[in-house]
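# Residue-level structural notes
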Amino acid sequence: MGSPKLILASASPRRRDLIARLGLAPDAINPADIDETPTKGELPRDYARRMAREKAEAAASDDGFVLAGDTVVAAGRRILPKAEDETTARQCLELLSGRRHRVMSAIALHAPDGTVRERLSETVVLFKRLSGQEIEAYIASGEWHGKAGGYAIQGIAEGLITRIQGSHSGVVGLPLYETRALLKTAGFDIA
Ligand SMILES: Cc1cn([C@H]2C[C@H](O)[C@@H](COP(=O)(O)OP(=O)(O)OP(=O)(O)O)O2)c(=O)[nH]c1=O
């Protein structure tokens, strides 16, 4: 019997790049298409956990370990949307300007024996007070597109971020410390 496979239940190229930093190359990429609507009153942390778990379960296989993640930007109890248009991205940046917010990055691992394990990484991020000009320049960059909270820390946005407390990889989409620990606990062979 060969070693169990690693299946990444994600369409995100960022998650593929991040997992490579643990020395791992998934045997398969199997994105899960699930309904990503938060339930009424659902807290950001609960929502991130539920999404990661549902993605892992949707892609479940008895052939290997299925890893999924979900990244949520939260301003207090509010879940910020994934910015798909300029108006949404601008609203997110205006809200995040000059204040702390949290990024919840949940991961879930479905093992071949059917068990599901989860971890959560929480990072506090502080943006400088953004001028109208800074917001418009960021909008023009297009880097916000498809990103939770309307920004991508791995791009020019980091020049507007004063402080982060937590996991940089978690903000990008896959918290590496938690991912390594989760795989190890589940018995996956990782250095
Ligand atoms: C805050 C922030 C988010 N993001 C991205 C990471 C995620 O891709 C996205 C949040 O959406 P997710 O639903 O977590 O992931 P996804 O839709 O890209 O991929 P999949 O569900 O198939 O795994 O926002 C960044 O790339 N950088 C950042 O700084």
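Reference entry: report on the structure contained in this document. This structure is a prediction, so every number in the text was calculated from the model and none was measured. (Residues numbered from 1 in each chain as written. Predicted model: local features only at pLDDT ≥ 70, side-chain atom pairs only at ≥ 80, totals over all residues. Heavy atoms only, no water.)

## Things to note about the site of the ligand
Lining the immediate environment of the ligand, one finds 19 residues, of which S10, R14, R15, K55 and I153 sit closest. Between the ligand and T71, the relevant distance is 2.8 Å, taken from an oxygen atom to a main-chain nitrogen or oxygen of the residue. Here an oxygen atom of the ligand and a backbone polar atom of V172 are 3.4 Å apart. The set of elements that each furnish at least two residues to the shell around the ligand consists of helix 1 (13-20), strand 3 (64-75) and helix 5 (168-172). With 3 residues, the top contributor of residues to the shell around the ligand is strand 3. Among the residues forming the shell around the ligand, the class breakdown is 8 nonpolar, 4 polar and 7 charged. (Near = heavy atom within 4 Å. Polar contact = N/O pair within 3.5 Å; in protein donor to acceptor, adjacent residues only side chain to side chain. Helix = DSSP H or I, 4+ residues; strand = E, 2+ residues; numbered from the N terminus. Nonpolar A, V, L, I, M, F, W, Y, C, P; charged D, E, K, R; others polar.)

## Quick notes on the side chain of R50
Along the chain, the position of R50 falls in helix 2 (residues 44-58). Of the residues examined, R50 reaches a relative accessible area of 15% and is grouped as buried. Here the side chain of R50 touches E42 through a polar contact of 2.7 Å, side chain to side chain. (Buried < 20%, exposed > 50% of the residue type's maximum accessible area, 1.4 Å probe, protein only.)

## Considerations on the environment of H101
For H101, the location among the structural elements is in strand 5 (residues 100-110). The sequence separation of H101 and R180 amounts to 79 residues, and the corresponding C-alpha distance is 25 Å. Aside from chain neighbours lying at most four places away, what touches H101 is V73, A74, L96, T123, V124, V125, F127 and Y151. Side-chain polar atoms of H101 contact the side chain of Y151, separated by 2.7 Å. (Contact = heavy atoms within 4.5 Å.)

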